[in-house]
Amino acid sequence: MAVIHRTTMSPGKLELLAAWMPSKPWYRGGDAPLLAKAGGFRLDDPAGEVGIEFMVVTDTSGDSPVTYQVPMTYRGMPLASAADGLIGTSEHGVLGRRWIYDGTHDVVLVEQLLALLAGRTAAQDQNASDAPDPTVEVRTEGAGVPQGLTGPGTVTETADASLVTVGPAAQDGPVSTLTLCRVLRPGPAPADDGSAGRVLAGWSAPDGARQHGPFARLAAFER
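Residues numbered from 1 in each chain as written. Predicted model: local features only at pLDDT ≥ 70, side-chain atom pairs only at ≥ 80, totals over all residues. Heavy atoms only, no water.

J.: Whenever I open this one, the pairing of strand E10 (residues 161–168) confuses me. Can you help?
T.: Note: strand E8 (residues 149–150) against E10, two bridges, orientation antiparallel. When the bridges of E10 are listed, leucine 149 appears paired with proline 168. Judged from the three bridges that link them, strand E9 (residues 155–157) and E10 form a sheet pairing that is antiparallel. Within E10, the residue paired with threonine 156 across the bridge is leucine 163. Where E9 folds back on E10, the antiparallel hairpin that results is connected by three residues. Examined bridge by bridge, E10 and strand E11 (residues 176–181) share six bridges and lie antiparallel to one another. Residue serine 162 lies in a different strand from E11, and its bridge partner there is leucine 180. (Pairing = 2+ DSSP bridges. Helix = DSSP H or I, 4+ residues; strand = E, 2+ residues; numbered from the N terminus.)

J.: Would you mind showing me how to read the environment of aspartate 31 here?
T.: In this fold, aspartate 31 is placed in the loop between helix H1 (13–20) and strand E2 (35–43). Sequence spacing of aspartate 31 and glycine 208 is 177 residues, and the spatial spacing of their C-alpha atoms is 25 Å.

J.: It is not clear to me how the pattern of salt bridges should be interpreted in this structure. Could you clarify?
T.: Pairing of side chains with opposite charge becomes possible as their charged atoms draw close. Scanning the model with the defined rule gives nine salt bridges in all. Of the charged contacts, one joins glutamate 53 and arginine 42 as a salt bridge, the two residues approaching to 3.7 Å between their closest N and O atoms. Here the residue glutamate 53 occupies a position in strand E3 (residues 51–59), and arginine 42 occupies one in strand E2, the gap between them amounting to eleven residues. Of the two residues examined, glutamate 53 and arginine 42, each falls in the buried class. Taken together, the salt bridges that share partners define one network made up of Lys13, Arg42 and Glu53. (Salt bridge = Lys/Arg side-chain N within 4 Å of Asp/Glu carboxyl O. Buried < 20%, exposed > 50% of the residue type's maximum accessible area, 1.4 Å probe, protein only.)

Written out as structure tokens, the structure reads:
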């Protein structure tokens, strides 16, 4: 169970993201992002070592507001395999120095997102300890999500998403693509797009209206 600490982080998450996001191909704002937290949810690390958060932020630095999903992990030590995904470090008021990663590069986040898609774990409230988030919707389709998947393999950034290859832990079966939406758009998920499973969740628009739309999908595996 993730414990939410009521404390400070220096630099703060939004400050770190404002410095990091303009380097990404899916970022659409100005040179100096104006970020506000707009929602999100958490997942638990079964080992209790890694914080996992799917943060939603809205940027108002461009011609019109754009809302982004930023999956992040918080670690007490550097993770060599995720070096390409390092967002930055921050001093946590309780836990000390934390290494903050873009979660698409972190095996713990990817495997727990796959567990969520497979129905083996539940989304947690972003701001409270031991509190499931019932607003996060998980759908399985077709043959569903296979067990025993692992990742990340290759991570590819596009104009509006991150594509992560995943496959069986034994490395002797077909791989598939886990898509995490970076630019969030409200509305229903596309139908008949060859998904094995998908996650939909909510966020707040700049005017306070509640929005809901796709966050992630796993393409169907070959059978």
